[in-house]
Amino acid sequence: MKKLMAASLFTLSLIAGENHAHWGYSGDTSPEHWGDLSEKFFICKKGVNQSPVNLNRFIDAKLDPLKVQYSTNAKSVVNNGHTIEVKADGKNSVTVDGIKFNLLQFHFHTPSENQIKGKNFPMEAHFVHKSKEGEYLVVALMFNEGEKNKNLQKMLDSLNPKEGNESEIKKSFKPNELFPKDLSYFRYSGSFTTPPCTEGVRWIVLKTPVTASKEQIEQMHKIMGKNNRPVQPLKARVILK
Ligand SMILES: [Zn+2]
């Protein structure tokens, strides 16, 4: 039985295309060790455009309004052991720099990973998009504690907290229903915030946070634990606003 379970977990990670080195947020596999856990994670310690960052070195830029073309419902939700992840069908997109990026999934971190002017938020969501050419773009959304988030609740109602148990989202739930009305944003160049910490990722951080209730954030934190990588040095980068 044990052997069977290990085999199916192995298959799962193959399908997900994950690296096999175990990584986490505490102890021997915490973020400061990621770069040493596998050769494939080298960029986690040697990269110069790593995420998350403290957004505090701004340049005024005339950023184009964010073009969000989301229309289909979120498919399923899973606690994958690192985060709570919601899968999309690839038909939702944003267009940035004239490139169309399709939404693959979105997931959560408690507390936030990026900081805005030195401030952490109790929760941050990352909407991960990929272009046809294989480039990545993440839209980051901050959550403050406040009014209950009805749209987030649709996801929570379907969530099986047990690791690896993916479940269909039963209520109609479009990912952009989580977005604030005002889609103005900060922009910088960064990386994945989890191994292998791949760089060349376009980051769009929405300026306007939304709310979730204390109970909702606590419920998610209880499942995910503290899953935020510490902020990384900006080095030569600036933040466009
Ligand atoms: Zn993330």
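A few points on the structure. Here the structure is a predicted model, which is why all the values come from computation and not from measurement.

The coordination sphere of the zinc ion contains the protein donors H107 (NE2), H109 (NE2) and H126 (ND1), at a distance range of 2.0 to 2.1 Å. Sequence spacing of the donors to the zinc ion: H-x1-H-x16-H. Pair noted here: H107 is in strand 7 (residues 99-109) and H126 is in strand 9 (residues 123-131), with a separation of 19 residues, a long-range link. With respect to class, H107 is no different from H126; both count as buried.

Next up on the list: unusual backbone geometry. Backbone torsion omega between T110 and P111 reads -10 degrees, so that peptide bond is classified as cis. Within the secondary structure, P111 sits in the loop between strand 7 and strand 8 (115-116). In this model, P195 is joined to P196 through a cis peptide bond whose omega is 10 degrees. Among the structural elements, P196 can be located in the loop between strand 12 (185-191) and strand 13 (199-206). The backbone of D97 sits at a positive phi, close to 55 degrees, despite the residue not being glycine. For D97, the position within the fold is in the loop between strand 6 (93-96) and strand 7. When its relative accessible area of 47% is taken as the criterion, D97 is described as partly exposed. If you check the backbone angles, K117 has positive phi at about 50 degrees while not being a glycine. Its location among the elements puts K117 in the loop between strand 8 and strand 9.

Of all hydrophobic cores here, the largest spans 36 residues; its most connected members are F108, F127, L141, F143, L152, M155 and M220. With sequence-adjacent residues up to four places away left out, F108 is seen in contact with T83, I84, M123, E124, A125, F143, L152, M155, L178, M220, M224 and N227. If you look at the next biggest cluster of nonpolar residues, it comprises 16 residues, including I116, V128, M142 and Y188.

On to helix 5 (residues 214-224). Residues Q216, I217, M220 and M224 constitute the buried set of helix 5. With its buried residues spanning 95 degrees around the axis, helix 5 presents them on a single face. The outward face of helix 5, more than 90 degrees from its buried face, is lined by the exposed residues E215 and K222. For helix 5, the secondary structure elements touched by its buried residues are strand 5 (84-87), strand 7, strand 9, strand 10 (136-145), helix 4 (150-158) and strand 14 (210-212). Looking one or two places after helix 5, you find G225, whose phi comes out positive at around 70 degrees.

Bringing the packing of aromatic side chains into the picture now. Taken as a whole and judged by the stated rule, the model has 12 aromatic pairs. Look at Y70 and F179: their rings are 5.7 Å apart centre to centre, the planes differ by 40 degrees, and that puts the pair in the tilted class. In this pair, Y70 sits in the loop between strand 3 (67-69) and strand 4 (76-79) while F179 sits in the loop between strand 11 (167-168) and strand 12, placing the two residues 109 residues apart along the sequence. Note on accessibility: Y70 and F179 belong to one class, buried. An aromatic cluster of at least three residues, connected via ring pairs, comprises Y70, F106, F108, F127, F143, F173 and F179. Above the ring of F121, the side-chain terminus of K119 is found at 3.9 Å from the ring centroid.

Criteria and cut-off values
Residues numbered from 1 in each chain as written. Predicted model: local features only at pLDDT ≥ 70, side-chain atom pairs only at ≥ 80, totals over all residues. Heavy atoms only, no water. Donors = N, O, S within 2.8 Å, 3.2 Å for Na, K, Ca; no water. Helix = DSSP H or I, 4+ residues; strand = E, 2+ residues; numbered from the N terminus. Buried < 20%, exposed > 50% of the residue type's maximum accessible area, 1.4 Å probe, protein only. Core = buried A, V, L, I, M, F, W, Y, C linked by side-chain atoms within 4.5 Å. Contact = heavy atoms within 4.5 Å. Arc of directions from axis to C-beta. Phe/Tyr/Trp six-rings, centres within 6.5 Å; stacked < 30°, edge-to-face > 60°. Lys NZ or Arg CZ within 6 Å of the ring centre and 35° of its normal.

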